[in-house]
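Geometric and topological summary
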Amino acid sequence: MVIGDFNSALNVEDRIGGNEVTWAEVVDFYNCVVECGLMELPTQGNRYTWSDKQEEHRIFSKIDWIFINEQWFDTMPECNARFLTEGISDHYPSKVTFTEERQRSRTSFQFCNVWTQHPQFMRIVKEGWNYNVERCKMFAVLKRLKMLKRGLKTLNTQAFHNIVTEVNEYRNTLKHIQIQLQRCPTNMEYQQAEVSAYQKFRQSTYLAEVEEETERVRAFNSIIRNGNRLSEAQQQEIMQPFLEREVKQAMFQIDNNKSPGPERFGSGFYKAAWSIVGRDITEAVLEFFQNGNMLSK
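Sequence order sets the numbering: in each chain, residues are counted from 1 along the sequence as written. Totals for whole chains, interfaces and linings use all residues, but because this is a predicted model, local features are given only for residues with pLDDT of at least 70 and pairs of side-chain atoms are given and counted only at 80 or more. To obtain the side-chain values, all non-hydrogen atoms of the structure were included, while hydrogens and water were left out.

Only one rule defines a salt bridge in this text: a Lys or Arg side-chain nitrogen within 4 Å of an Asp or Glu carboxyl oxygen. Tallying each qualifying case throughout the model produces 10 salt bridges. Where Glu-86 meets Lys-53, a salt bridge forms, and the shortest distance between an N and an O atom there is 3.6 Å. Note that Glu-86 is positioned in the loop between strand 8 (79-83) and strand 9 (94-98) and Lys-53 in the loop between strand 5 (50-51) and strand 6 (60-61), a separation of 33 residues in sequence. Both residues of the pair, Glu-86 and Lys-53, belong to the buried class. We note a salt bridge from Arg-58 to Glu-194, for which the minimum N-O separation is 3.0 Å. You can see Arg-58 sitting in the loop between strand 5 and strand 6 and its partner Glu-194 sitting in helix 6 (residues 188-204), a full 136 residues away along the chain. Buried residues are those whose accessible area, probed at 1.4 Å on protein chains only, stays under 20% of the maximum for their type, while exposed residues exceed 50% and partly exposed ones sit between those limits. Of the residues examined, Arg-58 reaches a relative accessible area of 3% and is grouped as buried. Sharing partners across several salt bridges, the network here consists of Lys-53, Arg-58, Glu-86 and Glu-194. Secondary structure elements follow DSSP: runs of H or I of four or more residues count as helices, runs of E of two or more count as strands, with numbering from the N terminus.

Turning next to the packing of aromatic side chains. Working definition: rings of Phe, Tyr and Trp (its six-membered ring) pair if their centres are within 6.5 Å, and the pair is stacked with planes under 30 degrees apart, edge-to-face with planes over 60 apart, and tilted otherwise. This structure, assessed with the given rule, holds 18 aromatic pairs. Relative to Phe-121, the ring of Phe-111 lies with its centre 6.2 Å away and its plane at 55°, an arrangement referred to as tilted. Highlighted residues: Phe-111 in the loop between strand 9 and helix 3 (121-129) and Phe-121 in helix 3, separated in sequence by 10 residues. Note on accessibility: Phe-111 and Phe-121 belong to one class, buried. Each ring, one from Phe-265 and one from Phe-269, has its centre 4.7 Å from the other, and the planes form 55°; the classification is tilted. Neither Phe-265 nor Phe-269 differs from the other in exposure class; each is buried. Members of the aromatic cluster, joined through ring pairs, are Phe-111, Trp-115, Phe-121, Phe-265, Phe-269 and Tyr-270. Lying across the ring of Tyr-48, Arg-47 places its NZ or CZ 5.4 Å from the centre. Charge-over-ring placement is defined geometrically: NZ (Lys) or CZ (Arg) within 6 Å of the ring centre, and within 35 degrees of the ring normal.

Parts of the model with low pLDDT should not have their predicted coordinates read in detail. Per-residue confidence from the prediction method is given by pLDDT, with values spanning 0 to 100. Residue-level pLDDT values for the protein chain average 82, and 84% of them are 70 or greater. Strand 6 holds the highest mean pLDDT among the elements of the protein chain, 93, whereas helix 7 (residues 215-226) holds the lowest, 62. Per-residue pLDDT stays below 50 along residues 206-213; that stretch engages in 20 contacts with residues further than four places along the chain or on separate chains. Residue contacts follow a heavy-atom distance rule, with two residues in contact if any of their heavy atoms lie within 4.5 Å.

Of the two faces of strand 8, the one lined by Cys-79, Ala-81 and Phe-83 is fully buried and the one lined by Asn-80 and Arg-82 carries no buried residue. Strands are labelled as partners when DSSP assigns at least two bridges between them. Alignment of strand 4 (residues 43-45) against strand 8, held across 3 bridges, turns out to be parallel. Pairing of Gly-45 across the sheet is with Phe-83, part of strand 8.

Here we come to the nonpolar core. Among the buried residues, those of types Ala, Val, Leu, Ile, Met, Phe, Trp, Tyr and Cys that are joined through side-chain atoms within 4.5 Å form a nonpolar core. Ranked by size, the top nonpolar core spans 24 residues in total, and within it Trp-115, Leu-152, Phe-265, Phe-269 and Tyr-270 carry the most contacts. Broken down by secondary-structure element, the contributors of at least two residues to this core are helix 3, helix 4 (137-159), helix 10 (267-272) and helix 11 (274-291). If one sorts the elements of this core by residue count, helix 4 sits on top with 6 residues. Those residues within four positions of Trp-115 in sequence are excluded, and the remaining contacts are Phe-109, Gln-110, Phe-121, Leu-152, Leu-155, Asn-156 and Phe-160.

Structural data, given as structure tokens:
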């Protein structure tokens, strides 16, 4: 199975709004799919998988795909694929479910950015982070994150039930409007209603964007803009060992609502608790760049 954002349509009907899909635009992608022996897995849910989120004259496209080959079709269990509503993203998430998939026994942990607003948040983090671990720095960080979960779950139950309920209501409202918009993509009333619901949901989830740019990022952007030749100064900059301040800069440039890591802590947690966890996180990251060893899950 091959799944993801291919940034290309395959058929004329894969776009509404903007310029019409042309054969010249899709021929390379089409030939690639054919030569690789792939076929599209039939999907349910939304027809289009991306929109430009404009308030008026919105463009909808199908540029995310789920492909399988004959071997998958012949040997793998039956599965269902669905494109869900996009929520606050411009892409629509896809979900593939095996018909024999078992139900999860419990709800997994997920850090909520709103927890950082509570006056007891830093105390809970400090108590959990004081857990002593005599192993490599990366292992110590992962172990302390695990120890934090119980205290944060208790905080959520005691202090944030109403807020979480409110966020879920905003999410459901946005989902309902986006389903209507998929059915009538050119309806201006639905487009404006979706923008309003989208903004309410974003505000309720405490999103924050950081727009700083490091020297390394500027050097990389120079490659994109000016070709593959770097100046001598840029080459020297890229080859330098990473510094502590660069680890912090990289962390603080990650949007709070980006997908979290394996332990389900997003960047919002690390930013809010940096005064407590920053030293250990930085040492773990620099240790990885020095020895190249990543812990297995």
